[in-house]
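# Observations on chain architecture
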Amino acid sequence: MSSVVQAPYSADLTVIHVPVSDPRVRPLLRELGHEYSTRYGKDAHAEISRYPDKEFTPAHGGVLLLLLEHGEPVAGGAFRRYDETTAELKRIWTHSAHRRRGLARRVIAELEREASARGYRRIYLTTGPRQPEARGLYLATGYTPLFDTEADPETIGPLPFEKHIPVTTYTGKATDL
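Note that the coordinates shown come from a computational prediction; the quantities given were computed from them, not determined experimentally. (Residues numbered from 1 in each chain as written. Predicted model: local features only at pLDDT ≥ 70, side-chain atom pairs only at ≥ 80, totals over all residues. Heavy atoms only, no water.)

### A few points about the overall build of the chain
Each helix and strand in the chain was counted, giving 3 helices and 9 strands. Tracing the chain from N to C terminus, the helices and strands come up as β-β-α-β-β-β-α-β-α-β-β-β. Once local pairs closer than 6 in sequence are excluded, the contacts in the chain between residues at least 24 apart make up 61%. As presented, the chain carries roughly 9200 Å² of accessible surface, and 51% of it is formed by carbon and sulfur atoms. (Helix = DSSP H or I, 4+ residues; strand = E, 2+ residues; numbered from the N terminus. Contact = heavy atoms within 4.5 Å. Areas by Shrake-Rupley, 256 points an atom, 1.4 Å probe, with all protein chains shown as cover.)

### A short note on the pattern of salt bridges
In this structure the tally under the stated criterion is 11 salt bridges. Arg-80 serves as the salt-bridge partner of Glu-55, at 2.5 Å between the closest nitrogen and oxygen. Separated by 25 residues along the polypeptide, Glu-55 in the loop between α1 (26-40) and β3 (63-69) and Arg-80 in strand β4 (residues 72-83) bring together distant segments of the chain. Between Glu-88 and Arg-80 there is a salt bridge, with its nearest N and O atoms 2.4 Å apart. Here Glu-88 matches Arg-80 in class, with each residue buried. If you follow the salt bridges from partner to partner, you end up with Glu-110, Arg-113, Glu-114 and Arg-118 in one network. (Salt bridge = Lys/Arg side-chain N within 4 Å of Asp/Glu carboxyl O. Buried < 20%, exposed > 50% of the residue type's maximum accessible area, 1.4 Å probe, protein only.)

### Quick word on the confidence of the model for the chain
The predicted model of the chain averages 85 in pLDDT, with 86% of residues at 70 or higher. Here residues 3-10 is modelled with pLDDT under 50, and outside its nearest four sequence neighbours on either side it reaches 29 contacts, counting other chains as well. Overall, residues 171-177 carries pLDDT values under 50, and its contacts beyond four positions in sequence, including any with other chains, amount to 13 contacts. (pLDDT = per-residue confidence, 0-100.)

### Some remarks on the pairing of strand β8 (residues 159-164)
For β8, a buried count of 5 out of 6 residues is recorded, marking the element as mostly surrounded by other parts of the structure. In this structure, strand β6 (residues 122-127) lies alongside β8, joined through 6 bridges in antiparallel fashion. Counted as the bridge partner of Leu-125 is Phe-161 from β8. In terms of strand pairing, strand β7 (residues 144-145) meets β8 through 2 bridges, oriented antiparallel. Bridge pairing in β8 links Thr-144 to Glu-162. (Pairing = 2+ DSSP bridges.)

Okay, structure coming up:
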């Protein structure tokens, strides 16, 4: 089952919440797997399967969402429960044919809104040391680095970030597809 939420920031995009098993998630997983393997080697595919799919469901404190444009997935991301007050962002993705349009920022904003509506007060995430675009995205969207930004990223390993968010009440309308 998935739900549709019209994003307040774009009439051209539709935000849907889906399970990992939804076929529209396949491009996200495929491209992330390729990206990780290209940057970190063949064993990087394990990162995508590190967490059970159920951790990205509302029943377990998570969500996976896609941004659709004309019915096709162009970006997406997820969060899982890190602890009682913290959501952990995972699987932030923009389709390779749709980069440089600000879609990742929109995904981040939507995930933050969802996390806030679900009572989380903090967001935590890590990105790999060979992903300068992701590092830049998180810095540009107000995340605090929990590492020495002057150090060589390769000497740190996964780069942790956090952001404190206000708890809000979600007022959007969702309908089942």
